[in-house]
Amino acid sequence: MSSDPVKLLFVCARNRLRSPTAEAVLNEVDGVTAISAGINHDAETSLSGDLIEWADRIYVMENSHKKKVTRQFGTLLKDKPVRNLAIPDNYRFMDAALVASIKSKFPEYFS
């Protein structure tokens, strides 16, 4: 009997490079379902209350993202901490160094 997958939400500014890369990398892990979104008005997929409620865990790329998520969706966060991965905006989508950085933040899935 298998348990439900853990649902991870990755958030960056525009949802074009960092968070979609994290989504792709973590979706390769058995037992994980990942989605990404952005907090800016021009994001590919905009962060919404539905996504906050869907997620078991929420990860942002920068502290400014954490502040904005907490300010906009604080009442929905309840017992869901927002973790800052501290990944700067200087990578391309699926850049090898970005993938390695993301994997290093999740030793429970990548050893």
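Before reading on, note that the structure itself is shown above.
Overview of the structure.

Calculation notes
- Residues numbered from 1 in each chain as written.
- Predicted model: local features only at pLDDT ≥ 70, side-chain atom pairs only at ≥ 80, totals over all residues.
- Heavy atoms only, no water.
- Helix = DSSP H or I, 4+ residues; strand = E, 2+ residues; numbered from the N terminus.
- Buried < 20%, exposed > 50% of the residue type's maximum accessible area, 1.4 Å probe, protein only.
- Salt bridge = Lys/Arg side-chain N within 4 Å of Asp/Glu carboxyl O.
- Phe/Tyr/Trp six-rings, centres within 6.5 Å; stacked < 30°, edge-to-face > 60°.

### Details of unusual backbone geometry
For Ala86, which is not a glycine, the phi torsion comes out positive at approximately 55°. Within the secondary structure layout, Ala86 lies in the loop between β4 (82–84) and α4 (96–104). Unlike most non-glycine residues, Met94 shows phi in positive territory, near 60°. When you line up the elements, Met94 lands in the loop between β4 and α4. A relative accessible area of 38% means that Met94 is categorised as partly exposed.

### Considerations on the pattern of salt bridges
Pairing between side chains becomes possible if they bear opposite charge and their charged atoms approach one another. The full count for this structure, using the stated rule, is five salt bridges. Between Arg18 and Asp89 there is a salt bridge, with its nearest N and O atoms 3.8 Å apart. On the criterion of sequence distance, the pair formed by Arg18 in helix α1 (residues 18–26) and Asp89 in the loop between β4 and α4 is long-range, its members being 71 residues apart. We classify Asp89 as exposed; its relative accessible area is 52%. Beyond isolated ion pairs, a larger network of salt bridges with shared partners links Arg14, Arg16, Asp42 and Glu44.

### Focus: the packing of aromatic side chains
In the structure shown here, the tally under the stated rule is four aromatic pairs. Seen in terms of ring centroids, Phe10 and Tyr59 are 5.5 Å apart; in terms of plane orientation they differ by 20°. Their pairing is stacked. Taken together, the positions of Phe10 in strand β1 (residues 6–12) and Tyr59 in strand β3 (residues 57–60) put the pair 49 residues apart, joining distant regions of the chain. Looking at Phe10, the relative accessible area reads 0%, which means it is buried. Seen in terms of ring centroids, Tyr59 and Phe106 are 5.0 Å apart; in terms of plane orientation they differ by 75°. Their pairing is edge-to-face. With Tyr59 in strand β3 and Phe106 in the segment after α4, this residue pair connects regions lying 47 residues apart in the sequence.

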